[in-house]
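# Observations on the three-dimensional arrangement
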Amino acid sequence: MSNFDFIIIGAGASGLLLADALTSDDFFSSKSILIIDRDDKTTNDRTWCFWEKGEGKFDHLLHKSWPNIHFSGSGFERSASIAPYHYKMLKGIDFYDHYLEKIKKHPNVTWVKDRVTLVEETDQKDLVTAQNGFFTGDTVFNSWLNHQNVLSQKKYPLLQQHFLGWFVKTEKPVFNPEEATFMDFSIPQKGNTRFMYVLPFSEREALLEYTLFSENTLEKSEYEDGIRDYIKNNLGNTAFDITATEQGTIPMTCYPFYGHNSDKIMHIGIAGGWAKPSTGFTFYNTSKKVSALVEHLKQDRPLSKFYKRNKFWFYDLLLLDILHKHNHLGQSIFGSMFKKRNAQLILKFLDEETSLWEDLQIISACPKIPFIKALFRRFF
Ligand SMILES: Cc1cc2nc3c(=O)[nH]c(=O)nc-3n(C[C@H](O)[C@H](O)[C@H](O)COP(=O)(O)OP(=O)(O)OC[C@H]3O[C@@H](n4cnc5c(N)ncnc54)[C@H](O)[C@@H]3O)c2cc1C
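Residues numbered from 1 in each chain as written. Predicted model: local features only at pLDDT ≥ 70, side-chain atom pairs only at ≥ 80, totals over all residues.

Further remarks concern the site of the ligand. Neighbouring the ligand are 28 residues; Gly10, Gly12, Ser14, Gly248 and Gly269 lie closest to it. For the shell around the ligand, the secondary structure elements donating two or more residues are helix H1 (13-23), strand S2 (33-37), strand S3 (47-53) and strand S16 (240-252). Taken together, the residues of the shell around the ligand sort by class into 14 nonpolar, eight polar and six charged. Residue assignment places the shell around the ligand across two domains, with domain 1 (2-46 + 92-153 + 254-305) and domain 2 (159-252) each supplying three or more. (Near = placed C-beta within 6 Å. Helix = DSSP H or I, 4+ residues; strand = E, 2+ residues; numbered from the N terminus. Nonpolar A, V, L, I, M, F, W, Y, C, P; charged D, E, K, R; others polar. Domains from an automatic or database assignment.)

Next up, the structure:
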């Protein structure tokens, strides 16, 4: 049985970013690293969007970047420049190809393709059991998400951001390639929080995603009908071809995933609670968390001390409590926010970088009654 200094379970966004950060830093050059994934990461299984000020470390991999965003609510719409931010899009396959090639050059990294079935902490080492073998490590970083932990509790509601997307090529030029539709809530809500993402690459090509923040996923045909209706009602009923598809669910919850960490096993990525509970955005936050984690490791601080709860966790908790109980309210909450406040302030708030004064500006733009009721329900 081989022993490693670090074992990283999962070569997805968090696993590869962590492996890259460790192998790019001389401080860890003597450490042996095992990366284990059930998949070889050769398909374009997702696209990541995020916003960022100015230039960033993923720019050379971007598929597209937009200087403007569009938002539609019930009875109003707004297009705005988000300078100094850009809304950026990265294809999963470009990310995997780049980081796999880069990390594989390091002789201290071992790759194993296998499905992990158990991770245990013993007195001496952590033990990772996979279908075809056992491995021991001093420290394990685990991005394998265990849904059961979240499902088996009731204190923190669990919603999903669930969506199906079509990459389309249209007959008529119907898109503005300078503008990404961040959320279009003008579609029928059907008692839920439902919106469209529209990410145009040219006047005739875009990714359209029919998206919900709700408890239960839909039949595939319902997302597809939603996209078809959107093209009919909002994009001049143009003819189109579907060139590719993507589908996903991202857990939205304030469940304290970090409660499963110890000084030897740490959960990373979505499994570590790195997805923003109120939006599902995870990618850029993961990049920030990885940088902080590497500094933490260099200072030899206990892994169990990595997490701190902040005020944004509490804001997200109230929003999720509201949407869990009254799922249709998403349209009016996000709508009021975008109607009354500028997009840059909202993006800064979602990035968890606003001051208390700026938080109050966002909070005061939202409908008050649902938040006051949610606050009372939480405390009493
Ligand atoms: C289709 C889709 C689109 C998304 N779009 C965005 C977006 O635009 N912006 C954004 O911020 N977030 C987005 N997300 C959310 C989030 O950024 C991604 O899910 C991101 O990949 C999460 O990173 P991760 O490392 O936690 O998980 P993953 O990237 O999913 O990595 C986990 C890895 O673990 C491996 N694995 C799982 N179980 C085992 C096991 N038992 N044994 C071995 N290996 C295992 C998997 O094969 C995978 O490679 C999207 C998610 C999906 C699904």
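If you look at the biggest cluster of nonpolar residues, it comprises 79 residues, and the most contacted ones within it are Ile7, Ile8, Ile9 and Leu18. Looking at which element gives the most residues to this core, the answer is H1, with six residues. Apart from the residues lying within four places of it in its own chain, the contact partners of Ile7 are Leu34, Ile36, Asp126, Val128, Phe135, Gly137 and Val140. (Core = buried A, V, L, I, M, F, W, Y, C linked by C-beta atoms within 7 Å. Buried ≥ 20, exposed ≤ 12 C-beta atoms within 10 Å, placed from the backbone. Contact = placed C-beta atoms within 7 Å.)

In this structure, strand S9 (residues 116-121) lies alongside strand S10 (residues 126-130), joined through five bridges in antiparallel fashion. Looking across to S10, one finds that Glu121 is bridged to Asp126. Connecting S9 to the next strand, S10, in antiparallel fashion are four residues. (Pairing = 2+ DSSP bridges.)

Our next topic: the sheet that holds strand S4 (residues 62-66). The strand order S3-S7-S4 describes an open sheet built from three strands, whose pairing is antiparallel. A strand with exactly one partner marks an edge of an open sheet, and here the two such strands are S3 and S4. Going from strand to strand, the sheet's axes swing by 25 degrees on average, the running direction of each strand aside. Strand direction decides the pairing type here: S3 and strand S7 (residues 85-91), joined by seven bridges, are antiparallel. When the bridges of S7 are listed, Phe50 appears paired with Lys88. The strands touched by helix H2 (residues 92-104) are S3, S4 and S7; relative to S7, the strand with the most contacts, the crossing angle is about 75 degrees. (Axes fitted to C-alpha atoms, helices over the stretch in contact; angles between N-to-C directions.)

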